[in-house]
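One letter stands for each residue in the lines below.
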Amino acid sequence: MIKKEIFLCAICNCESGTCSEDCKFCTQSVKYKANIDRYKFKDIEQIVQEAKIAYSNKAIGYCLVTAGLGLNDKRIEFLSAAAHAIKKEIPDINLIGCNGTASKEQLKQLKDSGINKYNHNLETAREYYDQICTTHTWDSRFETCLNAKSVGLDLCSGGIFGMGESYENRISMINSIKELNPMSMPINFFHPNDALPIKANTLNTQEAFDMIKTCRDILGDKIMIMVAGGRENTFKEKQYDIFNYGANSIVVGNYLTTKGKVASKDLEELQKRNYTIATYCKD
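Residues numbered from 1 in each chain as written. Predicted model: local features only at pLDDT ≥ 70, side-chain atom pairs only at ≥ 80, totals over all residues. Heavy atoms only, no water.

Considering the nonpolar core
Part 1 of the argument: One finds Y62, L64 and I86 to be the most contacted residues of the largest nonpolar core, which totals 79 residues.
Part 2 of the argument: Look past the residues within four positions of I86 in its chain and what remains in contact with it is I47, V48, A51, Y62, L64, I93 and L95. (Core = buried A, V, L, I, M, F, W, Y, C linked by side-chain atoms within 4.5 Å. Buried < 20%, exposed > 50% of the residue type's maximum accessible area, 1.4 Å probe, protein only. Contact = heavy atoms within 4.5 Å.)

Structure, rendered in structure tokens:
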């Protein structure tokens, strides 16, 4: 029996640990002094090489992530150069920008440079957001998502479960995602770090599975549901059961500041379970 297609995506941490925001879930913030690599812009040749590796591992999406509140002129110039260099070597790869809050004009510049999609997560419910971040608003995140769609970028928008939010908060966030009608919803499960103010993930494994199913039930069949950060830590040996609950996409390789499973292992496990690995990006 042929099972559903699984879409693979990879992440490139292009600028790490330089953010001055106070998001309590994020080791990229300088406020919490987490023990992570911190650097400004990664060498573009290295970014291209990592893109080639990701593409060889069946990733059809490649996400260029920068730390910080949002886009500025220097980041746009850097990302545009990186996008041109990657597309020159891998014309078919889908490039995703994940660069914080942004205006329509800034996002149009990214689109013109070869970026295909924009990832900007709501993170949690509007009514809970001030419990996890005080330096910018949930509304600014929602507006950025609308801006991305308005300039013709495909939108990826999701959030994080397990930060102490209530079940009602989770449903509220999912309904906000539904209102945005993105191409994809990345689901992250909070990965604790001793440096962060949030000390533990408040979901157990079954609750995490149930949230994937709830996302699928609310969003319907057309929106891609990607399980991203926290997959290995949350589900452990049951991590491939996520596809039985409605997920149809995962991140392969490393995340921003935490290690992921070796991509070849994911490919092996997917093939063992008779999943088809997608060779094009879902519109």
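Description of the pattern of salt bridges
Part 1 of the argument: A full pass over the atoms with the stated rule returns 14 salt bridges.
Part 2 of the argument: Note that R75 is salt-bridged to E15, the shortest N-O span being 2.8 Å. Of this pair, R75 sits in helix α2 (residues 73–89) while E15 is found in strand β1 (residues 5–15), placing the two residues 60 residues apart along the sequence. Judged on exposure class, the residue R75 and its partner E15 are both buried.
Part 3 of the argument: Here D112 and K108 are joined by a salt bridge, their closest N and O atoms 3.2 Å apart. Placement of the pair is D112 and K108 together in helix α3 (residues 104–113), with a separation of 4 residues, close to one helical turn. (Salt bridge = Lys/Arg side-chain N within 4 Å of Asp/Glu carboxyl O. Helix = DSSP H or I, 4+ residues; strand = E, 2+ residues; numbered from the N terminus.)

Considering the side chain of D266
Part 1 of the argument: Note on placement: D266 falls in helix α8 (residues 263–272).
Part 2 of the argument: Side chain to side chain, D266 and Y240 meet in a polar contact 2.5 Å long. (Polar contact = N/O pair within 3.5 Å; in protein donor to acceptor, adjacent residues only side chain to side chain.)

A closer look at the packing of aromatic side chains
Part 1 of the argument: Taken as a whole, this structure holds 8 aromatic pairs when the rule is applied.
Part 2 of the argument: Between F7 and Y280 the ring centres are 6.1 Å apart and the planes differ by 85°, which places this aromatic pair in the edge-to-face class. With F7 in strand β1 and Y280 in the segment after β10 (276–277), the pair connects residues that are 273 residues apart, well separated along the chain.
Part 3 of the argument: With a relative accessible area of 5%, F7 lands in the buried category.
Part 4 of the argument: Geometrically, the ring pair formed by F209 and Y245 is stacked, given 4.5 Å between the ring centres and 15° between the ring planes. Here F209 is found in helix α6 (residues 205–219), whereas its partner Y245 is found in the loop between α7 (231–235) and β9 (249–251), with 36 residues between them in sequence.
Part 5 of the argument: Since its relative accessible area comes to 3%, F209 is described here as buried.
Part 6 of the argument: Here the aromatic residues F161, F189, F209, F235 and Y245 are joined through ring pairs into a cluster of three or more.
Part 7 of the argument: The side chain of K40 reaches across the aromatic face of F41, ending 5.2 Å from its centre. (Phe/Tyr/Trp six-rings, centres within 6.5 Å; stacked < 30°, edge-to-face > 60°. Lys NZ or Arg CZ within 6 Å of the ring centre and 35° of its normal.)

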